[in-house]
Structures are given as structure tokens and as C-alpha cells.
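One letter stands for each residue in the lines below.
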Amino acid sequence: MSPLRALAVGLVLLLGAVLAVGTFGGPAQYGADEDYIAIERSQPEVFRAGTPRAVNVQRGGDVVVDFVLDRARYRVRIDPRTDPVTKVEPY
């Protein structure tokens with residue numbers, strides 16, 4: 001194998017490793033509770049339900065926000081790496 005070809009293969013492997021770590025690695029960067037509450041309130045089911053009596057934010061693999069309203073309770077799961085809502089469920 002020529003030195004140029006070996007260098008090219010090494011570069012491709014290095015770039016692949018950097019891409020894999022950037023895509024799958026890295027710890028979650030948690031934001032403030034108010035940010036997660038605002039994300040949950042942006043969900044149509046929760047927004048239409050009314051004014052909350054209690055809000056609880058739990059951090060773990062996903063951020064779980066429990067919203068207690070007068071007539072309903074909602075649990076919203078949020079991925080803390082990029083902040084998309086992964087699940088909205090009444091409980």
C-alpha cells in the first residue's frame with residue numbers, strides 16, 4: 001500500500017470516528033426548568049388544558065415534566081440534547 005493511500009484511509013477512519021462521536025456521544029446539556037416548562041406549554045394538548053396548579057421537572061435520560069391542572073395531568077418527555085418533545089401523555 002502506498003503512503004498516500006494509507007494516509008487517505010487513515011483520514012477517512014479519523015473523520016468517521018469524529019462523526020460517530022459527534023452524533024452519538026456527548027453528555028446531555030440540561031437547561032433551566034423554565035425552558036423545559038415553556039417547551040411543554042408549547043404542546044397543544046397542554047396549552048389548551050388551562051392554568052397549571054403544579055409543575056415538576058425531573059432530569060434523567062430524558063427530562064420529564066409533569067403538569068398538574070385542575071382537570072388533567074400531563075407528562076411530557078423531552079430529549080435534553082436537542083430539546084425535541086419525544087412523548088406527550090396524560091396520566
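Everything below is about the structure printed above this text.
Conventions we followed
Residues numbered from 1 in each chain as written. Predicted model: local features only at pLDDT ≥ 70, side-chain atom pairs only at ≥ 80, totals over all residues. Heavy atoms only, no water. Pairing = 2+ DSSP bridges. Helix = DSSP H or I, 4+ residues; strand = E, 2+ residues; numbered from the N terminus. Buried < 20%, exposed > 50% of the residue type's maximum accessible area, 1.4 Å probe, protein only. Salt bridge = Lys/Arg side-chain N within 4 Å of Asp/Glu carboxyl O. Arc of directions from axis to C-beta. Contact = heavy atoms within 4.5 Å.

(A) Representation of the pairing of strand β1 (residues 54–58). When β1 meets strand β2 (residues 63–68), the two strands line up antiparallel, connected through five bridges. Bridged to alanine 54 within β2 is valine 68. In textbook terms, the turn of a hairpin is the stretch between consecutive antiparallel strands, and for β1 and β2 this stretch comprises four residues.

(B) Structural context of the environment of arginine 48. As for its position among the elements, arginine 48 is in helix α3 (residues 44–49). Taking relative accessible area as the criterion, arginine 48 reaches 66% and is therefore assigned exposed. Sequence separation of arginine 48 and proline 80 is 32 residues, and the distance between their C-alpha atoms is 24 Å.

(C) Molecular detail of the pattern of salt bridges. In this structure the tally under the stated criterion is six salt bridges. A salt bridge links arginine 81 to aspartate 79; the shortest N-O distance between them is 3.5 Å. Given a relative accessible area of 14%, aspartate 79 falls into the buried group. Among the salt bridges present, the one from glutamate 89 reaches lysine 87, with a minimum N-O distance of 3.6 Å. One network of salt bridges, with partners in common, ties together Arg77, Lys87 and Glu89.

(D) Looking closely at helix α2 (residues 33–41). Within α2, burial applies to Tyr36, Ile39 and Glu40. Across the axial projection of α2, the buried residues extend over an arc of 100°, all falling on one side. Residues of α2 that are buried sit in contact with α3, β1, β2, β3 (73–78) and β4 (85–90).

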